[in-house]
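Examination of the molecular architecture
For reference, the chains in residue letters:
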Amino acid sequence: MAATEGDQFLKQATGRNTRGLLRVIILCLIAGAAVSSRLFSVIRFESIIHEFDPWFNFRATKYLVQNGFYSFWDWFDDRTWHPLGRVTGGTLYPGLMVTSGVIYHLLRFLTLPVDIRNICVLLAPAFSGLTALATYLLTSEMVTSPSAGLLAAAFMGITPGYISRSVAGSYDNEAIAIFLLVFTFFLWIKAVKNGSVFWGALTALFYGYMVSAWGGYVFITNLLPLHAFVLICMGRYSPRLYVSYTSWYALGTLASMQIPFVGFLPIRSSEHMSALGVFGLLQIVAFVEFVRVQLPSKQFQTLLRALVVLIFVVSFGGLVLLTVTGVIAPWTGRFYSLWDTGYAKIHIPIIASVSEHQPTAWPAFFFDLSMMIWLFPAGVYMCFRSLTDEQVFIVIYAVLASYFAGVMVRLMLTLTPIVCVASAIAFSQILDTYLDVKTPKAESNENGTSDPAKVAASAILPDSLRSTRNPLVGIYSYASKLTVVGASAVYLMLFVLHCTWVTSNAYSSPSVVLASRLPDGSQHIIDDYREAYYWLRQNTADNAKIMSWWDYGYQIGGMADRPTLVDNNTWNNTHIATVGKAMSSREEVSYPIMRQHEVDYVLVVFGGLLGYSGDDINKFLWMVRIAEGIWPDEVKERNFFTPRGEYRVDDEATPTMRNSLMYKMSYYNYNSLFPAGQAQDRVRGSRLPAEGPQLSTIEEAFTSENWIIRIYKVKDLDNFGRDHQSAGAFDKGHKKKRASKRKGARVLRVE
Amino acid sequence: MRWFFSFLCAALLGLSSALSSSGSRLLVVLEDVAEKGSYGGFFGDLEARGFHLAFETPKSPSLALLKFGELAYDHLLLLPTKAKGLGPALTATQLLEFMKKEGNILLALSGDHGTPTAVQSLLLELDIHLPSDRNSLVVDHFNYDGESAKDKHDVVLVPFPKVVRTDVKDYFGGEGVIAVPRAVGQTLGNESPLLAPILRAPSTAYSYNPKDESEIVEDPFAVGAQLNLVSAMQAHNSARLTILGSAEMLQDAWFEAKASLNGKAITTANRDFVAKVSGWTFKELGVLKIGKFVHYLDEGVSKKVNTSSAIPENNPSIYRIKNDVTFQVPISEYVSTHWTPYTPPSGDNIQLEFSMLSPFHRLNLSPLSQTANATLFGTTFKTPDQHGIFNFRVDYKRPFLTNIDEKRQVTVRHFAHDEWPRSWQISGAWVWIAGIWVTVGAWVGFIALWLYSAPTEKVGGKKTQ
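On a predicted model such as this, the values are computed, not experimentally measured, just so you know. (Residues numbered from 1 in each chain as written. Chains lettered and ligands numbered in written order. Predicted model: local features only at pLDDT ≥ 70, side-chain atom pairs only at ≥ 80, totals over all residues. Heavy atoms only, no water.)

1. Things to note about the packing of helix α5 (residues 95–109) of chain A against helix α6 (residues 116–142) of chain A
Residue and element names in this part refer to chain A. Our working rule: Between N-to-C directions, angles span 0 to 180 degrees; the directions come from axes that are lines fitted to C-alpha atoms, helices contributing only their stretch in contact. Put simply, DSSP H or I for four residues or longer makes a helix, DSSP E for two residues or longer makes a strand, and each gets a number counted from the N terminus. Note that the term roughly parallel is reserved for angles under 35 degrees, roughly antiparallel for angles over 145, roughly perpendicular for angles of 65 to 115, and oblique for everything else. By convention the crossing between two helices is left-handed if the near helix lies anticlockwise of the far one by an angle smaller than a right angle, and right-handed if it lies clockwise. Only heavy atoms enter the contact rule, under which two residues are in contact if any of them lie within 4.5 Å. Under the scheme applied, nonpolar residues are Ala, Val, Leu, Ile, Met, Phe, Trp, Tyr, Cys and Pro; charged residues are Asp, Glu, Lys and Arg; polar residues are all the others, including Gly.
Two elements in contact, α5 and α6, have axes separated by 10 Å at closest approach and are oriented at 115 degrees. The angle between α5 and α6 places the two elements in the roughly perpendicular class. For α5 against α6, the interelement crossing comes out right-handed. Together, Leu96, Thr99, Ser100, Ile103, Tyr104 and Leu107 of α5 and Ile116, Ile119, Leu123 and Phe127 of α6 make up the contact between the two elements. Partitioning the contact of α5 with α6 into residue classes produces eight nonpolar, two polar and no charged.

2. Some thoughts on helix α21 (residues 389–407) of chain A
An α-helical segment advances 3.6 residues per turn. Residues three or four places apart therefore align on the same side. Our working rule: To estimate the expected span of a helix, count its residues, drop one, and scale the result by 1.5 Å. Residue exposure (1.4 Å probe, protein chains only): buried if accessible area is under 20% of the type maximum, exposed if over 50%, otherwise partly exposed.
For α21(A), built from 19 residues, the straight-helix expectation of 27 Å at 1.5 Å per residue is met to within 8% by its first-to-last C-alpha distance of 28 Å. Extensive coverage of α21(A) is indicated by the burial of 14 of its 19 residues.

3. Quick word on the interface of chain B and chain A
Stated formally: Buried area: the sum, over both parts, of the accessible surface (1.4 Å probe) that disappears when the two are put together. By salt bridge we mean one thing: a side-chain nitrogen of Lys or Arg within 4 Å of a carboxyl oxygen of Asp or Glu. The term polar contact refers here to a pair of N or O atoms within 3.5 Å; inside protein, the definition further demands a hydrogen-donor-capable atom paired with an acceptor-capable atom, and it admits residues adjacent in sequence only when both atoms are side-chain atoms.
Facing the 48 residues of chain B at the interface are 35 residues of chain A. Both faces combined, the contact of chain B with chain A buries some 3,600 Å², and carbon together with sulfur accounts for 55% of it. When residues of chain B are sorted by the area they lose upon contact with chain A, B:Glu125, B:Leu357 and B:Ile389 head the list and together hold 19% of the total. Counting every contact that joins chain B to chain A gives two salt bridges. The salt bridge partner of B:Lys407 is A:Glu598, with a shortest N-O separation of 3.3 Å. Our count for the chain B to chain A interface comes out at ten residue pairs in polar contact (both at pLDDT 80 or more).

4. What about the nonpolar core?
Heads up, the rule is: What makes a nonpolar core is a set of buried Ala, Val, Leu, Ile, Met, Phe, Trp, Tyr and Cys residues whose side-chain atoms join them at distances within 4.5 Å.
A:Phe185, A:Leu415 and A:Ile418 are the most contacted members of the largest nonpolar core, which totals 187 residues. Counting residues per element, this core draws most heavily on helix α9 (residues 173–194) of chain A, which supplies 14 residues. Ignoring anything within four residues of it in the chain, the contact list for A:Leu415 reads A:Phe365, A:Leu369, A:Phe376, A:Ala401, A:Ser402 and A:Ala405. Residues B:Phe255, B:Leu352, B:Ile404 and B:Phe415 belong to the second largest nonpolar core, which totals 74 residues.

5. Considering the environment of B:Ser346
All names here are of chain B. By secondary structure assignment, the location of Ser346 is in the loop between β22 (338–341) and β23 (351–356). In this structure the C-alpha to C-alpha distance between Ser346 and Ala225, which are 121 residues apart in sequence, comes to 25 Å. Apart from residues lying up to four places away in sequence, Ser346 is in contact with Thr166 and Asp167.

6. A look at the packing of aromatic side chains
The geometry of an aromatic ring pair is captured by two quantities: the separation of the ring centres and the angle between the planes. Definition in use: To pair, rings of Phe, Tyr and Trp, with the six-membered ring standing in for Trp, must have centres within 6.5 Å; the planes then decide the type, stacked if under 30 degrees apart, edge-to-face if over 60, and tilted in the middle. Think of it as a cone above the ring: NZ of Lys or CZ of Arg counts as a charge over the ring if it is within 6 Å of the ring centre and within 35 degrees of the ring normal.
Applying the stated criterion across every chain, the model contains 74 aromatic pairs over all chains. Summarising the aromatic geometry, the rings of A:Tyr245 and A:Tyr249 are spaced 6.3 Å apart at their centres and angled 5 degrees between planes, so their arrangement reads as stacked. In this pair, A:Tyr245 and A:Tyr249 are both assigned in helix α12 (residues 239–256), four residues apart and thus about one turn of the helix distant. By relative accessible area, A:Tyr245 is classed as buried at 0%. A ring pair is formed by B:Phe360 and B:Phe390, whose centres lie 5.1 Å apart and whose planes are at 75 degrees; its orientation type is edge-to-face. Taken together, the residues B:Phe360 in strand β24 (residues 358–364) and B:Phe390 in strand β27 (residues 388–396) connect sequence positions 30 residues apart. For B:Phe390, a relative accessible area of 0% translates into the label buried. The positively charged end of A:Lys481 is found above the aromatic ring belonging to A:Tyr478, 5.0 Å away from the centroid. For B:Arg408, the ring lying beneath its charged end belongs to B:Phe293, and the centroid distance is 4.9 Å.

7. Some thoughts on the state of the cysteines
For clarity, the cut-off: The definition used for a disulfide is geometric: two cysteine sulfur atoms within 2.5 Å.
Summed over all chains, the structure comprises zero disulfides over all chains. Free of any disulfide, A:Cys499 has its nearest cysteine sulfur in A:Cys420, 8.8 Å distant.

8. Regarding the pairing of strand β9 (residues 155–159) of chain B
All names here are of chain B. We apply this condition: Strands are labelled as partners when DSSP assigns at least two bridges between them.
The buried count for β9 comes to four of five residues, which makes it a mostly enclosed element. Note: β9 against strand β10 (residues 177–181), five bridges, orientation antiparallel. Note on β10: the bridge partner recorded for Val156 is Val180.

9. With respect to the domain arrangement of chain A
Put simply, the rule is: Domain delimitation follows an automatic or database domain assignment.
For chain A, the assigned domains are domain 1 (206–329) and domain 2 (526–732). The straight-line distance from the C-alpha centre of domain 1 of chain A to that of domain 2 of chain A is 51 Å.

10. Focus on the environment of B:Phe360
All names here are of chain B. For Phe360, a relative accessible area of 36% translates into the label partly exposed. On a C-alpha basis, the gap between Phe360 and Pro330 in space is 23 Å, while along the polypeptide they are 30 residues apart. Beyond its immediate stretch of four places on either side in the chain, Phe360 contacts Phe354, Ser355, Pro384, Gln386 and Phe390.

11. Points about unusual backbone geometry
Residue and element names in this part refer to chain A. For the bond from His82 to Pro83, the omega torsion is 0 degrees, close enough to zero to count as cis. With respect to the helices and strands, Pro83 occurs in the loop between α4 (53–73) and α5. For Asn669, which is not glycine, the phi torsion reads 65 degrees and is therefore positive. Summarising the element assignment, Asn669 is placed in the loop between α32 (661–667) and β5 (680–681).

12. Some thoughts on the sheet that holds strand β20 (residues 318–320) of chain B
Residue and element names in this part refer to chain B. Ordered by their spatial adjacency, five strands build an open sheet running β20-β28-β27-β23-β24, and the pairing between neighbours is mixed. At either margin of the open sheet sits one strand with a lone partner, and together these are β20 and β24. In this sheet, neighbouring strand axes are inclined to one another by 30 degrees on average, regardless of whether the strands run parallel or antiparallel.

13. Regarding the pattern of salt bridges
Residue and element names in this part refer to chain B. Counted by the stated rule, this structure contains 54 salt bridges over all chains. Ionic pairing is found between Asp324 and Lys382, a salt bridge with its closest N-O pair at 3.5 Å. Placement of the pair is Asp324 in strand β21 (residues 324–335) and Lys382 in strand β26 (residues 375–382), with a sequence separation of 58 residues. On the basis of relative accessible area, Asp324 is assigned to the partly exposed category, the value being 24%.

Below you can see the structure in the form of structure tokens.
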């Protein structure tokens, strides 16, 4: 587009500058579009942090800003994971918070005091502008056409696959990580092209930043070695590769080890072994190259064969030995679930219980990438045509990321950049071909084989592929040009429409606040979450411990500012299982657990009144499964299903289900809202038993407006040493019956 | 010293108004206000000890234990009534409600009248059991009063009780013999730690219904020491309930009565015993008070700062693992008129738990010093090698002493990044440090050698081997 507009200036002296200026303007506009399309949620709702994890990041950022970097680094958080606490400074990726903190202090230094919340809310859109820029740079390294880079930037700016994690308020690690990912790749390509230590060191620097920001850095850690490995296998070893890879690996590994959470993982865990292996391989290849120069070829062949076998055996044996002895950490569960999608469901329910770890459904690709999903293979194919070092990278990235995106929903995020790059390459090829105003000279076609165009073309393109043997000529007919260009323009339009629609409808809900439509079409805000969290904040003791399912831990910590038992940082499966057990057991079992953990309040989410399906009863089976993983004898998933295998909450619910604390807390007093016997659960669509559950060890403390959040207070021990059931019965007027007849031997009191 | 002043104020207040540690308003509920003459001596003693007595009958419309949800009286003395019901103001629920607000009850039963249903269900709720037939009495054919119960053997003479366990303080000991006429025996459930016997029947006593026609008692309600004449229950909030098997014990007639035990003439010591029982019930005895928890970091600079002043600086809310921590707490005991330093009975210790889910430390607190009103207990320990949210907890629950269960939450954090020893301080690391520097030195040396031995430009064309 820029190229075509700039065409008329081509021959003028100012053409180059004008095109540069235009490019800058276009990139700025793209960044502007990227930022503004992410502001739907702020405009529609308010400047608020979204969802779950961002609340923790926000809280950590506030801590950083208030207490300074060093106390953040050594932060021991005593308000989560009660009573274990969390060594937060050593178990998080600090990049995001530090970035916001730096921006905050920079703005203050510039005498622009901006609230830290607004910085956090708007960080993701701001970085999406930078991501667009980085995509432009990366794509420009791949192809000569400048329009491809601009197209890629535009695609990246507005594609829903990336917007899903970077709308305003979505203050998550991915917000800055995608920018770092793309930019690191750009620097790597630059380093490989130039064989320069400078670019390699820059790659390492941004790789270090990426490590500090997101656990997905492992993707880079494996992709770059794979790229190097493939290049070696293709016989494309060069000193450039050696220089860029070794400088990246040495510096990058050192940089990544500075993050406490990563620590010694780069030399101990299996995920990092490929980078180390390729590093070693490169040394060997370099050595072999050196030897080859020095030795006659016959001896060299023998030496090489012996060397290859020896090194392979030694390194493989060493790796196996170290893994078996436990020096190198075995693969983690999340990693296994990347290869076997059924693995997590069987072995680690806590990983499977997170919706974003589920395999991707195929419509999601069209939803998130729209027309790019079919342009993407074309782009990858075009990379095959010339297959330079950097285009090999595109191919590898495309293959790996496609696989991972198919396995896990959240990894769609890593696929998006390469899809944008590849489809921009394809699309710009179409546009470059069809937007050429000049008609190719007719005679060149008539003259047949020995025309200068073919000679020129074959000089540029390698003739290894059949498709490149015939020269590119151009399009003759204006009609076909117009058709294709018009169709492309329509596709681009549709793409923009689709992206905007998806962003506005699917990805701009804060999920803290729910929006619904009233019958007259006006918007109605359901604000139960915040209502309940503020109730906790204002009505409970400062260190009242709240027990809830882990989904809400970060929000309670962030909005209610109260200690929680478990939260979204699911590092301790046993502790989560303890909460699961308390929720899924009878009151008599739950109460000692809650006493032991000093629980003051229990919070449940109940959507039965409103028809809000993301409630705790629907998540309940995960609690049961996770608890069953630790206490298989005490909690059994089977008991929560009816004999016919149904999960029911109505009259036919199993006794285990109806006696579980979660069921009781959800439906306690619920039937008082309805006429007798008419109580209806609108999520499960079932009529509830006429008589509601009774609670004895806890009492209702708060229920939000739409009954979405219900908070219960845990009672103290009975003053007179009775159990709560009999104390409750006594208060209701059921007097104890005197045991009329003694059974068995008399029980004597012993002092 | 603030707690000392509060002690002083509390003591002064106590002197001026009442001698009980928890208030002086005492309600006496009896069948007929005119009946109070027979308890004159007991009431006189109570008034002399500073109680303000109010008398009501169960039927009185003005009778209410709670007023606007608060206690109308601090203590309640329930004397036996003839009626089977006690009226709407004295239901079992009301009585429990009264105790939930820390009201104390002295409940006197009588074999003559039968026990009201409200009291029966109250006791049943608390796991205290009475004989099922109305007229059962405690009878002893060996330790009876030869004067007044020569034939019926239903006035049991018992010595003052001894402590049942070595780690329990003796509040009811004394010299002499107590007459327990026509008592309703109680048995206590075995489960509840809140119950304790005060006066147990002699080993030869048993529960017997005199209206029973048969010669032999087939299955007595309880016999011997299982049968309690006076028993006590102390709720978690330290509200006290004492069941006195025989209301007649309180009457003037038995205060210093002449009696004969196995032919020996004696004088009963009921007045002394009853004073002790009522004193305990109405919280003149066995009341503990715990002062402010003081804990501080007992190492490095802070050690000097803290020990220099009487009260160390504010209790920190966060420690590190493996810190030396000192913990101190003053505990005082109320004795009749004032707060005194508490000394646990020999064989008993006050313990400090440092716990997260379960105790990591359970340490005996040793007495460090005494003030006029309190003993300062303390200990020093090292925080465990486990970070988390811990509690300093003093959980001291003993029979006849008010319950102490206090905890303070502190955080125990991990080592900060700059609190580890530096690498050169670890002798094991010297090999590796040496390795690093040797590598660096070798590299620099190699470069120097390389540069030194580089062929000069001029010779450039011909490379010498």
